[in-house]
Amino acid sequence: MSSTTPYRETDRPLTQPLTGFLWETRDGGRVQATGECPECRCVTARVWEDIQYVTKGPGPGPRVFDLGEPKFAMCQCATWHVDRPASVPDGCGASFWIAPPPHGLGA
């Protein structure tokens, strides 16, 4: 499938996080957000490991998603976009921020 939207590197600001993504927790502490790319309108997904690496101290820090801060993502759609460099396997070139659910991810 191809899109009429050409590949173009586009950065959306942190001050405009997207709120329409579906958030799911997966086995092993993985978290996935799935939704519509704001540039090409294709379905895209981003996966994170829900752990916090600590450089020093007696125990683990807070879980990555407990803080409620927007998360950085890039379009990873499977659609072919005209002019996409051969070194880029997927996406339209858009980067954006995704707001976690206002009440957290749940248990």
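Residues numbered from 1 in each chain as written. Predicted model: local features only at pLDDT ≥ 70, side-chain atom pairs only at ≥ 80, totals over all residues. Heavy atoms only, no water.

**Points about the pairing of strand 4 (residues 30-36)**
Pairing of strand 3 (residues 22-26) with strand 4 involves five bridges; the strand directions are antiparallel. Following the sheet pairing, E24 is matched in strand 4 by Q32. Counting the residues in the hairpin turn of strand 4 and strand 5 (residues 43-49) gives six residues, including R41, whose phi is positive at 70°. (Pairing = 2+ DSSP bridges. Helix = DSSP H or I, 4+ residues; strand = E, 2+ residues; numbered from the N terminus.)

**So, the confidence of the model for the protein**
Confidence in the prediction of the protein, expressed as mean pLDDT, is 84, and 80% of residues score 70 or more. The element-level mean pLDDT for the protein is lowest in strand 1 (residues 2-3), coming to 66, with strand 8 (residues 94-98) highest at 97. Counted against residues more than four places away or in other chains, residues 58-62, with its pLDDT under 50, gives six contacts. (pLDDT = per-residue confidence, 0-100. Contact = heavy atoms within 4.5 Å.)

**Describing the sheet that holds strand 8**
Across the sheet, which stays open at both edges, the three strands sit in the order 2-8-6 with mixed pairing between neighbours. Every interior strand has two partners, whereas the edge strands, strand 2 (10-11) and strand 6 (71-74), have only one. Where strand 2 lies against strand 8, two bridges are found, and the strand directions are parallel. For D11, the partnering residue across the bridge sits in strand 8 and is S95.

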